[in-house]
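These are the residues of each chain, in order.
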Amino acid sequence: MSCLVSDIPIPDWVHNTLERANWVVVRRDVIKGGMVPVGIRGSTRSLRFPAYLPMDAILEKVEPELLVSQLRWKTSPRSSKMKALEILDELTAFYSSYAFSWGPTGSIGFELATGFLTVHEGSDIDIVLRAPKPLEKVSAQALINFHEQFPVRIDVQLETPFGAVSLVEYARAAGSILLERVWDLV
């Protein structure tokens, strides 16, 4: 991926990783000169590299909701071996009662999108939950209570038209909360 741009020298492991597969993840940062902020995942959690990619270099965009609509974990050979993958069926059933648009992100989302093994026994479940309308605090707390029954930590980012916030922070906030900006790239 020769079109990768960085303000710092690109390490050899990044080039090696991208030779095997041209997958990057979108990072939360400012779009710079028409380029998308991306991250390259290495073989361990300590290997992460921030860079930028021109918009016209993007060949495919896989959103978390697509992973859910296609039930991608059901075709994973590891779906019965990793607790974090097993739980996705229960989350799908529960979230559908709320009619939420949602999907897995983090290591689970990356593995389901790319096929590269990034989930391990200690993996938590990172989720983006899109809330186009205000979510009642009571519903937010019900979601948190539901998540607490699982042996795997579930970390939900609530994405609103105004920005994103941790579901836990949103449910517990009594006053104002700080929202992270959400970028719609393509």
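Whatever comes next refers back to the structure up there.
Let me sum up the structure you'll find in this document.

Calculation notes
Residues numbered from 1 in each chain as written. Predicted model: local features only at pLDDT ≥ 70, side-chain atom pairs only at ≥ 80, totals over all residues. Heavy atoms only, no water. Pairing = 2+ DSSP bridges. Helix = DSSP H or I, 4+ residues; strand = E, 2+ residues; numbered from the N terminus. Axes fitted to C-alpha atoms, helices over the stretch in contact; angles between N-to-C directions. Contact = heavy atoms within 4.5 Å. Parallel < 35°, antiparallel > 145°, perpendicular 65-115°, else oblique. Left-handed = near helix turned anticlockwise from the far one by under 90°. Nonpolar A, V, L, I, M, F, W, Y, C, P; charged D, E, K, R; others polar.

Looking at the sheet that holds strand β7 (residues 163-166)
Spatial strand order, β4-β5-β6-β7: four strands in an open sheet with mixed pairing. The sheet is open, and its two edges are formed by β4 (101-104) and β7, each paired on a single side. Ignoring which end each strand starts from, the neighbouring axes of this sheet average 20° apart. Direction of pairing for strand β6 (residues 154-160) relative to β7: antiparallel, over a ladder of four bridges. Within β7, the position partnered with T160 by the bridge is G163. Contacts between helix α4 (residues 88-96) and the sheet are confined to β4, β5 (125-130) and β6, with β5 contributing the most and set at about 20° to the helix.

Points about the packing of α4 against helix α6 (residues 137-147)
With their axes 12 Å apart at the nearest point, α4 and α6 run at an angle of 160° to one another. By the angle class used here, α4 and α6 are roughly antiparallel. Pair α4 / α6 crosses with right-handed handedness. Listed contacts from α6 to E90, L91, F94 and Y95 of α4 are A142, L143, F146 and H147. Here the contact of α4 with α6 is built from residues that sort into six nonpolar, one polar and one charged.

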